[in-house]
Every structure is written in C-alpha cells, then in structure tokens.
Number of protein chains: 2
Amino acid sequence: MYNKALIVILLVLVSTSLCTPATGQTKIDGSQLWFTNTELNAETIKACPDYIYLSQKSETYNIIKKELQDNLNTLFNKDVKVIKKLKPGSLCVGTTAQKNLTTYFSDSELKELGNDGFIIRTVKNNNTIIIANTEIGALYGTYHYIRLLQTSKDDLVNLNIVEVPSYDRRLLNHWDNLNGTVERGYAGHSLWQWDELPATISPRYEAYARANASIGINGSVLNNVNASPDILKTEYLNKVSVIAKVFRPYGIKVYLSVNFASPSVIGGLSDANPKSADVIQWWKDKAKEIYTIIPDFGGFLVKANSEGQPGPNDYGCTHADGANMLADALQPYGGIVMWRAFVYNPKGNDRAKQSYDEFMPLDGQFRSNVIIQVKNGPVDFQPREPISSLFGQMKHTTLMPELQITKEYLGFSDHLSFLGTLFKEFLDTDTYTEGRNTTVSKVTDGSVFNDSITAIAGVANIGLDTNWCGHHFAQANWYVFGKLAWNNQLSVRDVAKEWLMQTFSHDEDFVSSMSRVMMESREAVVNYMTPLGLHHLMGWGHHYGPEPWCVIEGARPDWLPTYYHKADSIGLGFNRSSTGTNAVAQYAEPLKSVYDDPKLCPEELLLWFHHLPWDYELNNGKDLWTELCYRYNLGVEQAQQFEETWNTLQNKVDMDRFKEVQQKLATQVREAIWWRDACVLYFQTFSDRPIPHELFKPVHKLEDLKKLKFNMTHHN
Amino acid sequence: MYNKALIVILLVLVSTSLCTPATGQTKIDGSQLWFTNTELNAETIKACPDYIYLSQKSETYNIIKKELQDNLNTLFNKDVKVIKKLKPGSLCVGTTAQKNLTTYFSDSELKELGNDGFIIRTVKNNNTIIIANTEIGALYGTYHYIRLLQTSKDDLVNLNIVEVPSYDRRLLNHWDNLNGTVERGYAGHSLWQWDELPATISPRYEAYARANASIGINGSVLNNVNASPDILKTEYLNKVSVIAKVFRPYGIKVYLSVNFASPSVIGGLSDANPKSADVIQWWKDKAKEIYTIIPDFGGFLVKANSEGQPGPNDYGCTHADGANMLADALQPYGGIVMWRAFVYNPKGNDRAKQSYDEFMPLDGQFRSNVIIQVKNGPVDFQPREPISSLFGQMKHTTLMPELQITKEYLGFSDHLSFLGTLFKEFLDTDTYTEGRNTTVSKVTDGSVFNDSITAIAGVANIGLDTNWCGHHFAQANWYVFGKLAWNNQLSVRDVAKEWLMQTFSHDEDFVSSMSRVMMESREAVVNYMTPLGLHHLMGWGHHYGPEPWCVIEGARPDWLPTYYHKADSIGLGFNRSSTGTNAVAQYAEPLKSVYDDPKLCPEELLLWFHHLPWDYELNNGKDLWTELCYRYNLGVEQAQQFEETWNTLQNKVDMDRFKEVQQKLATQVREAIWWRDACVLYFQTFSDRPIPHELFKPVHKLEDLKKLKFNMTHHN
C-alpha cells in the first residue's frame, strides 16, 4: 500500500517534469526569447507533415530547412525527413520560381504577395505549400507556419492563409553609440561589438536576425540618431558590412543614422551646406562607397536641427533641401532617406505644435525616396499622447510612424508595461483627414495615399543583457512591434497571448491571466505616472522617476515638467484649445472640435488639451482633483494586482523567470507608489485640497521625495 | 483630580449636546426638509441685522416677515425687531414700488431683474436691502439671504448679489392621480386630498409651497400626465382653486394636465376633434370657467397620442393642430400649453428616434403660447442617456426640458442617488446646433433663441411620507432641481453641500464626505444598473430590479429590454450609428461624428450607439466583456463605499435619520449586487466568457434571479 502510493507520487513527479517546457538548457534565462517554450497544442498533433520538400538551395533555404527540422522534430518528437522529390504528406516551401508549386495558385494572388507576402495552402495529396515571390517571403511563411503549429487552436490540416505585410519596410532603430552605450537603452550595452568587428562576429548577430525575421522585421538602423560622424568612415563601413552579411539571409537590411555635418567633420570640407557642390559631391562619393561595401544598404536615418544636432537650417536651408540632397546621393542605388520630424526649439509657446508648423509648409517638396519619420505623438513617447497632427495632413509627402519600444518614459525595463495597446491605440486613431476611417494605419500603409515607400520604425529595447530586453516581459514589446509592422490590423490581445504561449506556457489560466495583465499594464503606468492627459512629469535627464516640481536654473523651459502640467492655484493642464495655443487646430474635424471642447475631449487626453479648474466636474460625478487622486491610486492598485496575479502562477512558470519577474513587479509596485505620492502631494500644493480619505494615505512625504536623487548606475 | 476629570467630561457632554442641530422637535423625521438644521457659521455672526424693515403689507410680506423673524431669532438667538421707519443696521425688504429703497439701484439693473430676480446689497448706515420688482422676487431674495446666513463661508457684511432666474417658469409635474395614488411615486400617496377638498386644507399644502418658494419653484402641475378628464369638472376646479389660494402668496401657479378627449368624456360631445367647432368652443368655455375660478391659472400640460393617451392624431390632425387649439383657448387669459414630445409607437425600428421624427416636421407651426416639453433623453429617464436630439434642432419652436426627480429607473426611494449630476450633465451638453457652446441650458433658457416662454419641469418625488420623498437624501433631488431651474450654471457640488448643511450638519468632515458620496452616487447607479450606455434593462412594469432577460408574449417589443441591449453571441449594444438606425444623424456636428464612431463616442454612451463585439478593445486595455464586468462590480464597490462612509459619520447625525439612511444604504448594496449578478450572469450566456477572477464571484445564480418576483406592495 505504502509502496504503491510512493510510485504514484514518483510518476506524478516524472510526468510533471516532462511537462515543463523543453528548452535545451537547465536555467531558463530568457535568452531564447519567444522560442523558449516548445509545447504543442494537442489539436495540432495530426498536422505534422511526414516530409519537408525544398527544391532550392541557398543560405535562406538553409535557414528554412534548419528551422523546420529543429522545430518539427522538437514539437512532434519525430524525425521529419527532408526530401528532394515531392511525396504525399509533404510540407513544401518554395518561391514562384518553382513552377511545380505555382500550379496551385493564381497569378494574381501571387502577384499581390509582393516581395514579402506568402501563402500557406494545403493542396492535394495532403501536401501543404508555403509559397512566396522571394526566398525571404518563404522564410516568413515558414516562421508563420511553425508559430501556427505551436499556438493555434484551429485545425491545421486544411490551411489557406494569405499574408501580405502592411508596411514594406519594418525597421528597428537602435540608439546605440559607437562606444557601446545605448541611449535610452535599459538592457545592457550595445549588441554591436564595434571594437571586435570586422574580425570577430558575435553569435548574437544571427540570433538577433533570426528573432527579427521570425516576426517580419526587415531592417535595422544600427546606430543612434544622435549620430557620430565616424559611422561613415570606411573603417566602420567595413564593420557594418559584416553585420549586413549575417543579416542578409534573414532578409534584414542595414541602415545607418548619419550626422548631417559629416562632410565637414570627417570629410575635411569647410561646411556641410547642402547647396554646396563639394558637399553634394562628398555625399555622392560616400553613397558610392557604401554601396560598394554593402550592395543592399537600406539608407540613411537623419535627425537634423533637433536637440543640438546639425542640419540644413544651419545654412539657411530647409529640411527638404537637406533631405533631398541626401536622397539624390542614394537614389542611384535604391537607398532611401528617413528624415525625422522630431524638431522643436525652446522659443515656441507649445512644443507640441512645432513639428507640424515646421514640416507642413514643406509638404510636397521632398524627393520620392525621402520618407518623413514622425513620432507617434507630438511631444515625445509619453505614456499617452494624442497622435501627431502630421499624420494624414501631409498629403503629398510620405510619412512613417516612429514608435518607441524601449521604455524611456514608462519605467525603463523595471516596469511591466506591454506597449501593444499603446501602438494599437495610435495606429487605430482616425485622423479624419480624408474622411471617416482614415486611421493612422491607413494613411501610413498606402491604403489612402499613393505612397512611394511604406515604412514603420520602432526604437529598439535590445541590449547585451542575457534576456535581451532587461525584463522578460519587455521582449513582448519587441515582438508586438514586429507583428503590428507586419499587420497593423492585428488584435494585440491575440499577439500577447501568442507571445505568452511561445515564451512561457500554454496553460490556459496562465495565458488568460497574464494577457489580461499585459493588456492593462500600459494603462496602469499611465494612471500612476501621467493620468488624464498629463505628460512629461519625469525627472530631468534620466526620465525615470517623478519630478513634477523640477526646476533647473537656465534650463530650456520645454525640458521642464512645469512647462507641461502648468499647475497653479486655479487648476491643472496645458491649454492647447482654441483659447490657448490652439494646437487643436492642427487636427482635422471632428477631432479638432472634440479635442477643443473639454466636454467632448476623451478624459484620457483632458489635461493634454485643457487647463481645467481643480473643481472641474467630470461626468462621473468626481471633481478633477478627486479624479486625479483616484487615477493615481488606481494605477497603484493595478500594479499590486499584477503582482498578486503573478504570484498565483508560481507553479506554471520556471522558477528562474518566476523570481526575476516577481522581483521586477515588486519594484513596480514600490515605484508606482513613489509616482503616486510624488505627483499627488506636489499637485496638492496647488489644489490645496485633501486627498479623499477613502482613497489612500501617502506613504512618503513630499519633502523627502524631492530630496531623492536617482541612481543611474544600473542603466546605460 | 478625579473630580476635575469628571467635570471636564461633563462639560464635554454638555457642549456636545449644545452643538446638536436645533430642530424644535425631539424626533428628527425629515419633515422639515432643508429647514431642519439651523446652525450658523461662526463667520456670519456679525452679519445679524438689528432691525427688519418692511414698509408694505400683504400676504407675501407676512411670509417674508415671519421667515426673517423666525430664522434670524433662531440663528442668532436674539430678538430682531420689525420696524416701520428705517434705522441704521436694518435689513430692508421691498419692491421697486418703494422709492426710498430704489435710490441705491440703477433703473437698468432693476429692469433686468424681471419678475422674479432680486438684488441684495449692503448700502450706507449698515443697511442691507433686498429689492425686487415684485413681492415674489422679494420673497426669493429673503430665502436667499437666510440661506446665505446659514451656509455661506463668505463675509456677509458687504453684500452685493444680483440674481435673475434662468427660466421664467420653474415647474414641478406631479404624476398624481385623483384616487390618491402617484404614478412612479415612491413616497406614499398624493399630497392632494381631493376627497377633503375644498372644505379641508391640509397644512402640507403651505409647507409644500414654502419649500418650493425657498428654492424658486413657481409652478405645479397638480395631476398626472395620464390625466383623468375629471380634473376639468367644476367640482375639481373648485378644489384646485383652494390649493391655488394657498400657493399664491408663495408665487406658485397651478397648472393642470388635461386629457385631450375631455370634450367627449366629460363634455358630452361626440368626439374631441381639434378641428371641430364644438370642440374648440368647449375648450374656450372651459378656459373661461377655469380663469373665473383661478384667475392666475398657469396652463395645461398635455400628453397626447402617447402610450394610449388620446390626441389629435386620432382625428388625422397633427400635434400642432391639437396644441394650437388649446393654446387659442388659453391665450386671452395668458395661459400656456405645455405639449409633451414623449411619443413613440411600437412600429419604429428605434424608439430613440421617434420623438424627433414626429416633431421636427412641425417646427414653426406652434402658437407662441405653446411650449414643447421634451424629456432630457430620447428614451425615458434612464440612469444615463444622451440628450434628446430635439434640443437646439427645433429652432422655431419653444422647448422646455422635462427632468425626472422621482427615480423611476434609479432605485426608487430605496437607493441614494443624487440627480444633480444627471441634470447638470444634461444641461451642460453642447448641442452645437448654433455652433460651439450652445448647450442645452442655452438653447432652452433664451440665451440662444428668442423664446417667448422659458420653462423647465421636473417630475416630482413628493408624497405623503413624513420625510416627503421616501429617502432623506431624495429631498436633495427636489432641492437641486429647484436650484438649477433658478440658475442652470450652478455647481451641483455646491448645491449638494449647501443642502447637506441645511438638512443635516455643518460639520466639515460630514459635508465633504457626504457631498462626495452624493456626487458619485448617480454614477454608481449607472455602473451597477446600466454601464457603458446600456439602458432599459429593468423589470417589466415596475421598473425596479434587473430583468435584462424579460420576454413577455405579445408585449410591445419596445417595452422589452432585449429591444435595447441586443445581446447576442457577437456582442452587445444598440447600433444607432450610420450603419444601424442612424439615430446619430439627428445630432449636429461634431456630436454626430463623435457618436457615430466608437473610437470617439464617450465610453459612457458606447452601447447606446453601438453594437460592439465582446472582445472589442477599449483604450484602457480591457475588452468590452471585462470592462462590463469591471463596471458592474465598481458600482457595487461604490455602493459599499457609500455605506462605509455613512457609518463613519454616526456621531455627526441625529440617530433617527442615521439609522433610516443606514438601512437604505444596506438595501442599496444588496440590490447593487443583485443588479450586477443578474446583468453579468445574463450577458455571460451570450459572451460565453468567464468573469475575471480578480473582479468578483457572483453571489446569486442566474436561475434563482430569474425566478424572483418583485413585491410591489410598498410602493404606489
């Protein structure tokens, strides 16, 4: 009796250990990203092909073959053979160059796939074909197929999937400096080992390329937009060339940020005037050199006349003059210029208006290989902003959204905040510039305008940390950016679930609980940092903790929180309505009227557009002050809820990641309280009203919080 | 030592008892309404006049004198004398007929006061004058002055207050039947003792008139809009005349609801065709009779061709034909017709559109003494509705709002729900029909249109219950209606505080805590009954508890909840957008676009205008189903918070009212849970999704709730 019970216990232990995610390593450290968990849904078991058929050979096909073999064999625990002649029960991967595959597809549907699209279709003889116009398209189809096998709840024996990306260029921007630091990077130093290159090639380069390709990212700007001119030196181009070679079979092009003053700084010219023949020639020569070294080089990203960077304005020229000059240099080789619209100067009365004011007059003046890269919001990657008013308004210029994956303003890699909801809210916002349903998605992906280029960029959150992103859950932001760049209509809740399944577990309770946490997490950050449309309340320089009181003598006013919150004895918020700076006039109707009127303005943007009295009555029966206290505290409660939820899931996750995330969540709760107390107590010095006692009592004293100095050592 | 301590304790006890509100009665039963508490703010002590100067005599002046003497003597605990010749230190009350008073005022400012306005001004010799063009205006000024003494925190020694009402006619509608019942009344039987009248005059009539006059109400429609023709019989007119006599010195006119079929039912005519000469003559004769008996009779309120009531449509005539015929009969005597726009028939696909569809074609066809009485929302006094689209759109017809003070759909007199926020939200809503800032207030109070009449009506919550309204806090809804009818720009939070101070206590903690509760209370009801724009989920007939499932064979579909919530496996809500019934098209831009687009539509009206999928993603990161569960539970938590707050205030309120309110709040919590569970569990049968475990677990089972039969015996 005793023995039998023991055996049962042992069996349970054995089967439990069998059920833990197979990862090929003892410590699960996050280094495998969304390739970590290789559970298979029971429903997909019968979908396993008997053979893999690849008629072609190439570097990319080798990747396809390896991914399929590794994954199918791991997933199904069997040995799926690669065959050279088609047999029933095969998974066939190929391009339209292979005529024996194209018979199952119409010419028109293949044409619509473009460069990167693919079709996965089950045809006769139980064969499934992944077809594309290019090998890279076939690679995307392969990753898609593997993901389906692993995460889909659907029957996978009769597939007919057509995927075409929303944007042609799906880019990561790395704000990596040549000295190995990463601006606004919170996951260790730069991936790019410039000192060792070109001789030594870190295995991380390929792992990075694979991760990107698996979600459809096809370009990387390797260096910081605050660009060192050195990147264009031949020495560095040779290093870049090595990275480009690793990326190439994964379909990833390299791009570089360039310093507009390069011709004078490294070229020996007296200036960088875009009207100067010498300067023009210098760039032409440089372009030629680049393309000699990197034949498929993507193009330039330029931050000009912004935050101290040089630019065409230095020579009395416009942004168009500067961008076109570079575009002409790259044009013979098919390169593009991504010119950032992130400009503002301290003299304006409203930083939120300046990008629009400066770029709108240039509409229509840019070359067809120039694309204006516009941050999602009019200020700078705040937890919540309205959309930049340029979207949809610059009708004769191609625009691309710039999103920030790294969380400069949302708690670095310390806070769990899934940005899928932020990205989607932005993409789904209707600009109304061409009537109803001309969302940011549609005005940037070519659905509305006849764009010569379509592109989207995300500022990467990737570094040398073992888990790549500093926080296990921050990987999801890289993932969701890629997925939305591929398909801007996706449900980000589905993406979150899919990511959780691939990264952690298929356990239903785990996936539903943590996807709820992820979906709510960005709003929690908004609540405890900058609710109701507040913004830019963070500390000077580091942008981490709360410093709504921050005043620094001689500082640019538009770098100080008081410029944005405008708290006074009357109320709170920035009057950008028609009675204030009239930033609302930059939006199309009805957005203009909606934002202009506090009664119509969405509450989540209320103090972005309006300065409202402390006793302003909201429709829910609360006054502004009470609502502010309520939301700050709600953010804390949400963070606490996240921590509690995670703690209930201990037996569903490997212990290493469980503990690491647990520690981060505890930090997040502590810092949510810090934010809440700091902001509420500071604003209370203006409102002169009590914190409703049923809400909370501050843990800290304002005076103590004001003395806190943030320790930056654990960040770049 | 011991003795001293005892003395201190005794002193504390004595002083505590001295601080309890003086009420002149042992049991505080609510019968004294907002005259209950006669504490005086310490700051106003020095404002006590030494004398009262009234040069005139009349019934109204007698009231003024009595109110001032009683109140000043009680408030200041001294004997303030009434003098006949002006002395320094007097409070003078008079009209512009008294030339010795008018010297302190300009002609133009006096002219602007109209019939009901007043000025309170401190002039030389420490005299304060309350002046008006009419005795009634002086009475309003008197009540205002007393209220200021009691509740103001300002220095009252240098007053200069000018008050002119927003609406000329500020009416209560009593839905009282001649048999003594009250339709949708939850405070006992009717005040009007028709059986005893005209011989016996209840003291309640004067108490009612006084309460109304103190907040500026100047008209009462005595009988139900579902009117018995009998009210126009001479027998009843003689009874009405007695009530009118009691009301007259308080400035309150009586009005009657009339049954359109009266000429045939009580007049012996063959029909009530408004084009029939006999019918026209009958009404002319009746009007003459009425004005002989009641010379200052206000006019008729008519519910015609609505919910089975007779009307001009019965004879192929329009609402305008009917209204004008009555208006012509009343015109020689200065009477008005208030013609209700509350019409709908079961054939339409959207009840919310019908009032607009039926009345808009008649715009401009009404006599100048007709005013169309329009309910605040397009359906029927739900916890939240958008505004009726008629406001601002009928530009050539005078409109008056009809609000419901009695809480037919908000928990009767069992739930604490302060309607000030509902009324104010409605009045503050911008119609945009004449451009920005043409709010409902402004399009109805004469600011925008050149209205021949301005008026507002509230359906009374008054009955024979000792505390008048069934719930001590329901008195506040009568009070706030009156205050907003007087001044539609008031802060309802201030009104709530003022009411609390006059009704309960000046204690700061009490006033701030309970005003917060009051301000949040309507939103709590919205949350636990009909969040996110849901409506009409209540039980058949009684309109009390939740019955979203209600199906009754052969019933009018537009009387059933399913007509409104349209829950199905896909989602929830009524598609009134341009892809649905297009009710949004009845609103002016930008409201039309805002309501039409789920991304712009205020979340609190989302399911009023849209049918959205269960997984529809809201900007806060929650899907529709989760948000629905969240809001229902939030409503319960709010109700619980109200109960907790009240319980902390036990030592600040008299025990009788404390216990009575406590019991009501416990009921409210219980019934909030009932609503939450019923609605969430019912909708779950469509959504097929779990209730997020971190939110709540239902207390009830759906099957049990469906079996519940509501016991109506304790209501009319």
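Residues numbered from 1 in each chain as written. Chains lettered and ligands numbered in written order. Predicted model: local features only at pLDDT ≥ 70, side-chain atom pairs only at ≥ 80, totals over all residues. Heavy atoms only, no water.

1. Here we look at helix α16 (residues 508-529) of chain A
Residues and elements named next belong to chain A.
Consideration 1: For α16, which comprises 22 residues, the first-to-last C-alpha distance of 31 Å matches the rise-based estimate of 32 Å (1.5 Å per residue) to within 8%.
Consideration 2: Its axis deflected by about 40° at S521, α16 carries its strongest bend there.
Consideration 3: Among the 22 residues of α16, 19 are classified as buried, and the element is accordingly described as predominantly covered.
Consideration 4: Taking the backbone nitrogen of D509 as reference, a side-chain oxygen 3.1 Å away marks D507 as the first, capping residue of α16. (Helix = DSSP H or I, 4+ residues; strand = E, 2+ residues; numbered from the N terminus. Expected span 1.5 Å × (residues − 1). Bend = angle between axes of the 7 residues up to and from the residue. Buried < 20%, exposed > 50% of the residue type's maximum accessible area, 1.4 Å probe, protein only. Polar contact = N/O pair within 3.5 Å; in protein donor to acceptor, adjacent residues only side chain to side chain.)

2. Considerations on the UniProt feature "domain: Glycosyl hydrolase family 67 catalytic" (unreviewed entry) in chain A
Consideration 1: Under the UniProt annotation, "domain: Glycosyl hydrolase family 67 catalytic" (unreviewed entry) lies at residues 153-468 of chain A.
Consideration 2: Annotation note: span residues 153-468 of chain A, helix share 26%, strand share 14%, distance between end C-alpha atoms 29 Å. (UniProt positions renumbered as here; feature names shortened; annotations may be inferred.)

3. Section: the interface of chain B and chain A
Consideration 1: If you look at the interface, chain B gives 40 residues, while chain A gives 40 residues.
Consideration 2: Where chain B touches chain A, the interface holds ten salt bridges.
Consideration 3: With a closest N to O distance of 3.2 Å, R493 of chain B and D623 of chain A form a salt bridge.
Consideration 4: Remark: the boundary between chain B and chain A carries 18 residue pairs in polar contact (both at pLDDT 80 or more).
Consideration 5: Broken down by element, the side of chain B that touches chain A gets its largest block of residues, seven residues, from helix α16 (residues 508-529) of chain B.
Consideration 6: For the side of chain B that touches chain A, a count of residues per class yields ten nonpolar, eleven polar and 19 charged. (Contact = heavy atoms within 4.5 Å. Salt bridge = Lys/Arg side-chain N within 4 Å of Asp/Glu carboxyl O. Nonpolar A, V, L, I, M, F, W, Y, C, P; charged D, E, K, R; others polar.)

4. Focus: the pattern of salt bridges
Consideration 1: Under the criterion given, the structure shown has 80 salt bridges over all chains.
Consideration 2: Taking the shortest distance from any N to any O, the salt bridge between D321 of chain A and K275 of chain A comes out at 3.7 Å. Of this pair, D321 of chain A sits in helix α10 (residues 319-330) while K275 of chain A is found in the loop between α8 (262-265) and α9 (277-293), placing the two residues 46 residues apart along the sequence.
Consideration 3: Overall, K275 of chain A belongs to the exposed group, its relative accessible area being 57%.
Consideration 4: As a salt-bridge pair, K78 of chain B and D50 of chain B come within 3.5 Å of each other at their nearest N and O atoms.

5. Digging into the pairing of strand β7 (residues 169-173) of chain A
Residues and elements named next belong to chain A.
Consideration 1: With five of its five residues buried, β7 lies for the most part within the structure.
Consideration 2: The side-chain alternation of β7 yields two buried faces, one formed by R169, L171 and N173 and the other by R170 and L172.
Consideration 3: By the bridge criterion, five bridges tie β7 to strand β14 (residues 455-459) in an arrangement that is parallel. From the neighbouring strand, L172 faces β14, where its bridge partner is G458. (Pairing = 2+ DSSP bridges.)

6. Focus on the relation of the copies chain B and chain A
Consideration 1: With an RMSD of 0.0 Å, the fit of chain B onto chain A corresponds to turning through 179° and sliding 0.0 Å along the axis. Such values leave the two copies arranged in the relation of a two-fold axis. Considering only C-alpha atoms, the residue of chain B closest to the rotation axis is P590 of chain B, which sits at 2.8 Å. (Least-squares fit on C-alpha atoms with pLDDT ≥ 70 in both.)

7. With respect to the sheet that holds strand β7 (residues 169-173) of chain B
All names here are of chain B.
Consideration 1: Sheet architecture is closed into a barrel: eight strands sit in the order β7-β8-β9-β10-β11-β12-β13-β14, paired in parallel fashion. The sheet shows a mean angle of 25° between the axes of neighbouring strands, taken without regard to direction.
Consideration 2: Pairing geometry for strand β13 (residues 399-404) and strand β14 (residues 455-459), over three bridges, is parallel. Residue pairing in the sheet places Q404 in a bridge with V459 of β14. (Axes fitted to C-alpha atoms, helices over the stretch in contact; angles between N-to-C directions.)

8. With respect to helix α10 (residues 319-330) of chain B
Residue and element names in this part refer to chain B.
Consideration 1: For α10, built from twelve residues, the straight-helix expectation of 16 Å at 1.5 Å per residue is met to within 8% by its first-to-last C-alpha distance of 17 Å.
Consideration 2: Burial of α10 is extensive: ten of the twelve residues sit out of reach of the surface.
Consideration 3: Those residues of α10 lying buried are H319, A320, G322, A323, N324, M325, L326, A327, A329 and L330.
Consideration 4: A side-chain oxygen of the first residue of α10 lies 3.2 Å from the backbone nitrogen of A320; this N-cap is T318.

9. Here's the deal with the domain arrangement of chain A
Residues and elements named next belong to chain A.
Consideration 1: Taken domain by domain, chain A comprises domain 1 (30-163), domain 2 (169-336 + 343-363 + 377-389 + 406-453 + 463-492) and domain 3 (527-574 + 611-707).
Consideration 2: Each of domain 1 and domain 2 has a C-alpha centre, and these two points are 32 Å apart.
Consideration 3: Facing 17 residues of domain 1, the contacting portion of domain 2 comprises 22 residues.
Consideration 4: Where domain 1 abuts domain 2, roughly 1800 Å² becomes buried across the two surfaces, and 58% of that area is made up of carbon and sulfur atoms.
Consideration 5: Area buried by domain 1 at its contact with domain 2 is led by L33, W34 and Y140, which between them contribute 34% of it.
Consideration 6: The interface formed by domain 1 and domain 2 contains two salt bridges.
Consideration 7: Two residues, R210 and E67, come together in a salt bridge whose shortest N-O distance is 2.6 Å. (Domains from an automatic or database assignment. Buried area = accessible area lost by both parts, 1.4 Å probe.)

10. Notes on a nonpolar patch on the surface
Residues and elements named next belong to chain A.
Consideration 1: A cluster of nonpolar side chains, namely W540, I552 and W559, defines an oily patch on the protein surface of about 240 Å² accessible area.
Consideration 2: Tracing the backbone through its elements, the reader meets W559 in the loop between α16 and α17 (561-565).
Consideration 3: Exposure remark for W559: the relative accessible area of 32% places this residue in the partly exposed category. (Patch = residues over 30% accessible without salt bridge, like charges linked within 9 Å, V, L, I, M, F, W, Y side chains within 5 Å. Areas by Shrake-Rupley, 256 points an atom, 1.4 Å probe, with all protein chains shown as cover.)

11. A closer look at the sheet that holds strand β9 (residues 253-258) of chain A
Residue and element names in this part refer to chain A.
Consideration 1: Within the closed barrel, the eight strands sit side by side as β7-β8-β9-β10-β11-β12-β13-β14. Their pairing is parallel. Between one strand and the next, the sheet's axes are offset by a mean angle of 25°, whatever the strand orientation.
Consideration 2: Of the pairings in the sheet, the one linking strand β12 (residues 370-375) to strand β13 (residues 399-404) comprises four bridges and is parallel in character. By the bridge assignment, K375 is partnered in β13 with E402.

12. Considering the packing of aromatic side chains
Residues and elements named next belong to chain A.
Consideration 1: A full pass over the atoms with the stated rule returns 87 aromatic pairs over all chains.
Consideration 2: A ring pair is formed by Y544 and W674, whose centres lie 6.3 Å apart and whose planes are at 55°; its orientation type is tilted. Taken together, the positions of Y544 in the loop between α16 and α17 and W674 in helix α21 (residues 655-687) put the pair 130 residues apart, joining distant regions of the chain.
Consideration 3: The buried category is assigned to W674, whose relative accessible area is 13%.
Consideration 4: When the ring centre of F342 is taken as reference, the NZ or CZ atom of K375 above it lies at 3.2 Å. (Phe/Tyr/Trp six-rings, centres within 6.5 Å; stacked < 30°, edge-to-face > 60°. Lys NZ or Arg CZ within 6 Å of the ring centre and 35° of its normal.)

13. Examining the environment of H611 of chain A
Residues and elements named next belong to chain A.
Consideration 1: Mapped onto the elements of the fold, H611 is located in the loop between α19 (606-609) and β16 (612-613).
Consideration 2: Ignoring sequence-local partners within four residues, the contact set of H611 consists of K566, D568, G571, L572, G573, F574 and N575.
Consideration 3: Among the polar contacts made by the side chain of H611, one reaches the side chain of D568 at a distance of 3.1 Å.
Consideration 4: A polar side-chain atom of H611 sits 2.7 Å from the main-chain carbonyl oxygen of G573.

14. Some remarks on the nonpolar core
Consideration 1: Counting residues in hydrophobic clusters, the biggest one holds 444 residues, and the most contacted among them are W478 and F683 of chain A together with W478 and F683 of chain B.
Consideration 2: When residues no more than four places from it in sequence are discounted, the contact partners of F683 of chain A are L534, L537, P548, H565, A567, L572, W614, W625, L628 and Y632 of chain A. (Core = buried A, V, L, I, M, F, W, Y, C linked by side-chain atoms within 4.5 Å.)

15. What to know about the packing of helix α20 (residues 624-647) of chain A against α21 of chain A
Residue and element names in this part refer to chain A.
Consideration 1: Contact pair α20 / α21: the axes reach a minimum separation of 9 Å and the direction vectors enclose 170°. By the angle between their axes, α20 is roughly antiparallel relative to α21.
Consideration 2: Considering only residue class, the contact of α20 with α21 consists of 19 nonpolar, seven polar and three charged. (Parallel < 35°, antiparallel > 145°, perpendicular 65-115°, else oblique.)

16. Some words on unusual backbone geometry
Consideration 1: Residues E589 of chain A and P590 of chain A are joined by a peptide bond in cis, for which omega reads 0°.
Consideration 2: Among the structural elements, P590 of chain A can be located in the loop between β15 (571-572) and α18 (591-596).
Consideration 3: Of the consecutive residues L197 of chain B and P198 of chain B, the connecting peptide bond is found in the cis state with omega at 0°.
Consideration 4: Here P198 of chain B lies in the loop between β7 and α6 (203-215).
Consideration 5: Of note in this structure, N77 of chain A is not a glycine but carries a positive phi near 55°.
Consideration 6: Even without being glycine, Y432 of chain B reaches a positive phi, approximately 60°.
Consideration 7: Inspection of the secondary structure puts Y432 of chain B in the loop between α12 (420-428) and α13 (440-444).

17. Brief notes about the side chain of E402 of chain B
Consideration 1: Tracing the backbone shows E402 of chain B in strand β13.
Consideration 2: Excluding anything up to four places from it in sequence, E402 of chain B contacts N173, W175, R340, Q373, V374, K375, N376, F381, A457 and V459 of chain B.

18. Some words on the pairing of strand β11 (residues 336-340) of chain A
Residue and element names in this part refer to chain A.
Consideration 1: By the criterion of burial, β11 is predominantly enclosed, with five of the five residues buried.
Consideration 2: Relative to β11, strand β10 (residues 299-302) runs parallel, the two being bridged by four bridges. Across the sheet, L301 pairs through a bridge with M338, a residue of β11.
Consideration 3: In this view, the connection linking β10 to its parallel neighbour β11 by way of α10 has right-handed handedness.
Consideration 4: Two elements, β11 and β12, share four bridges in a ladder whose sense is parallel. Within β12, the position partnered with W339 by the bridge is I372.
Consideration 5: For the handedness criterion, the β-α-β arrangement of β11, helix α11 (residues 351-359) and β12 is classed as right-handed. (Right-handed = clockwise from strand over helix to strand, strands pointing away.)

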